[in-house]
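Results of the structural survey
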Amino acid sequence: MKNILITGGAGFIGSNFIRYLLKKEPNVQIVNLDILAYAGSLENLKNLPDVERHTFVQGDICDADLVNKLMQEHKIDTIVHFAAESHVDRSILGPAPFVQTNVFGTLTLLEAAKQAWGQERSGHFHHISTDEVFGSLALDEPDFTESTPYDPRSPYSASKASSDHLVRSYFHTYALPVTVTNCSNNYGPYQFPEKLIPLMILNATQGKPLPIYGDGLQIRDWLHVEDHCEAIYLVLKGGKMGETYNVGGGNQPTNLDLVNWICSILDSIHPAAIPYSSLISYVRDRPGHDRRYAVDSSKIKAELDWAPRHSLEEGLLDTVKWYLDNMDWVETILKEKDYQAWLDKNYEERGKK
Ligand code: NAD
Ligand code: DAU
């Protein structure tokens, strides 16, 4: 691992990973290919440690000529592939870009890796995926393992499932050295405020309604983004080629409990005239809303000695504080993007229950 192509490195997890890797590995050179779509921003890459080892290239992972050129010019030996359309609600309102970037973009990168690494297949292609490919669990069903059958239920998860299958097919068919991680819901700094946790923090501080989809009893398995970064790093260092590793936080509150938790943190560190929980507002459910995700991480724990370092209690408090302390970041990225148009479109769709 010397010359790394990171795709989607201006997004939430990708930018956290770049920060993590520059600190961890003093000799790697990073090329960060990102199109700067609505969730990507150079604001996420300010104050990087050892910034001269990071080269930013604005471009599309579907652009084969550009990807091939970067592979050659930078002698890329490792690809860490984050770039994606990542928001389920957006995939419901417009699936086509999800198929383009998540499926066709992944195929373009796989082809470029196959060409660049020749017959020896000497590199390492690591694909970042999601637990959503496994579908939805009832309360009494066991956690997702690496052998749980795929059952994606949204256009987003269907596109991620397709990309996972393509990545594994390149291992079996062309002996391309690949690994895959399927991770649960991340939270932490630099997450675009369309996702549940930053959206709730932002709306609450602005005195706006906190929209809970359906009955709010859906369950997600929350993991701090730095713990996800560490899992990816351990797979890059010691993962077995052709293998998949599930990564989860083991924290599974209902959405309603989580939002109430955020409200009580805000009540104590940023009090308002009324308790923040009074802003909670039930809205129409997400179509096809997955009820529960829960990830069994025993394989990565046993084989690569990974364990989450952040408890949800401490991670959530730190995250709420981070957003409060970085409102200038929020304002800048929201100014760059057509955020209000998205909110109007999505929450008009949801309406009041
Ligand atoms: P994000 O939406 O914050 O970032 C995605 C990045 O990809 C953005 O910077 C965007 O500009 C870039 N991008 C989009 N289309 C591109 C294209 N065609 N070419 C180049 N760049 C492009 O997403 P995230 O939350 O950081 O997720 C990163 C990856 O992790 C995704 O593959 C996602 O499926 C996966 N994942 C996310 C979570 C989560 O909870 N956020 C959990 C598990 C897995
Ligand atoms: O599980 C991993 C996945 O987690 C990633 O693959 C996706 O990229 C990421 O976006 C995330 O998907 P979710 O759909 O679970 O995350 P989101 O933050 O959109 O929603 C979390 C839960 O909160 C979900 O049950 C829907 C609910 N929700 C969300 C929003 C935005 C609400 O109740 N109200 C809201 O306004």
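Data block above holds the structure.
Residues numbered from 1 in each chain as written. Chains lettered and ligands numbered in written order. Predicted model: local features only at pLDDT ≥ 70, side-chain atom pairs only at ≥ 80, totals over all residues. Heavy atoms only, no water.

Surrounding ligand 1, one finds 28 residues, the nearest of these being Ile-13, Asp-34, Ser-86, Tyr-156 and Lys-160. Here Gly-11 contributes a backbone N or O atom positioned 3.0 Å from an oxygen atom of ligand 1. Between ligand 1 and Ser-86 there is a distance of 2.7 Å, counted from an oxygen atom to a side-chain nitrogen or oxygen. For ligand 1, the accessible surface in isolation is 830 Å², of which the surrounding protein chains cover 95%. Listed by contribution, the elements that provide at least two residues to the shell around ligand 1 are helix H1 (12–24), strand S5 (124–130) and helix H5 (155–174). Across the shell around ligand 1, the residue classes break down as 14 nonpolar, 11 polar and 3 charged. (Near = heavy atom within 4 Å. Polar contact = N/O pair within 3.5 Å; in protein donor to acceptor, adjacent residues only side chain to side chain. Areas by Shrake-Rupley, 256 points an atom, 1.4 Å probe, with all protein chains shown as cover. Helix = DSSP H or I, 4+ residues; strand = E, 2+ residues; numbered from the N terminus. Nonpolar A, V, L, I, M, F, W, Y, C, P; charged D, E, K, R; others polar.)

Glancing now at the environment of Ala-113. Mapped onto the elements, Ala-113 comes out in helix H4 (residues 96–117). Sequence-wise, Ala-113 and Asp-77 are 36 residues apart; in three dimensions their C-alpha atoms are separated by 8.8 Å. The contact partners of Ala-113, leaving out residues within four places of it in the chain, are Met-71, Ile-79, Phe-125 and Leu-176. (Contact = heavy atoms within 4.5 Å.)

A separate point is helix H11 (residues 327–336). Among all positions in H11, only Trp-329, Val-330, Ile-333 and Leu-334 are buried. The buried residues of H11 occupy one face: seen down the axis, they fall within an arc of 120 degrees. Facing away from the buried side of H11 by more than 90 degrees, the exposed set consists of Asp-328, Glu-331 and Lys-335. On its buried face, H11 sits against helix H6 (196–205), helix H10 (312–325) and helix H12 (339–350). (Buried < 20%, exposed > 50% of the residue type's maximum accessible area, 1.4 Å probe, protein only. Arc of directions from axis to C-beta.)

Take the nonpolar core next. One finds Ile-197, Leu-210, Val-259, Ile-262, Trp-329, Leu-334 and Tyr-339 to be the most contacted residues of the largest nonpolar core, which totals 38 residues. Put simply, the parts of the chain that give this core at least two residues each are H6, strand S8 (210–213), helix H8 (255–269), strand S11 (280–283), H10, H11 and H12. For this core, the element with the highest residue contribution is H8, accounting for 7 residues. The residues touching Trp-329, leaving out its near neighbours within four places in the chain, are Glu-43, Asn-44, Tyr-190, Gln-191, Trp-322 and Tyr-323. Leu-5, Val-31, Ile-79 and Ala-112 belong to the second-largest nonpolar core, a separate cluster that totals 24 residues. (Core = buried A, V, L, I, M, F, W, Y, C linked by side-chain atoms within 4.5 Å.)

Right, let's get into the pairing of S8. Of the two faces of S8, the one holding Leu-210 and Ile-212 and the one holding Pro-211 and Tyr-213 are both buried throughout. In this structure, S8 lies alongside S11, joined through 4 bridges in parallel fashion. Within S11, the residue paired with Leu-210 across the bridge is Ile-280. (Pairing = 2+ DSSP bridges.)

A word on unusual backbone geometry. Non-glycine residue Asp-50 carries a positive phi angle of around 55 degrees. Topologically, Asp-50 is positioned in the loop between strand S2 (29–34) and strand S3 (54–58). Even without glycine at this site, Asp-305 takes up a positive phi of about 60 degrees. Its location among the elements puts Asp-305 in the loop between helix H9 (298–304) and H10.

Moving on, we get to the packing of H1 against helix H7 (residues 225–238). Taken N-terminus to C-terminus, the directions of H1 and H7 make an angle of 60 degrees; their axes are 9 Å apart at the nearest point. In terms of orientation, H1 and H7 fall into the oblique class. H1 and H7 meet at a crossing whose hand is right-handed. Touching Phe-12, Ile-13, Asn-16, Phe-17, Tyr-20, Leu-21 and Lys-24 of H1 are Val-225, His-228, Cys-229, Glu-230, Ile-232, Tyr-233 and Leu-236, all from H7. Among the residues forming the contact of H1 with H7, the class breakdown is 10 nonpolar, 2 polar and 2 charged. (Axes fitted to C-alpha atoms, helices over the stretch in contact; angles between N-to-C directions. Parallel < 35°, antiparallel > 145°, perpendicular 65-115°, else oblique. Left-handed = near helix turned anticlockwise from the far one by under 90°.)

Geometric values such as these leave the question of function open.
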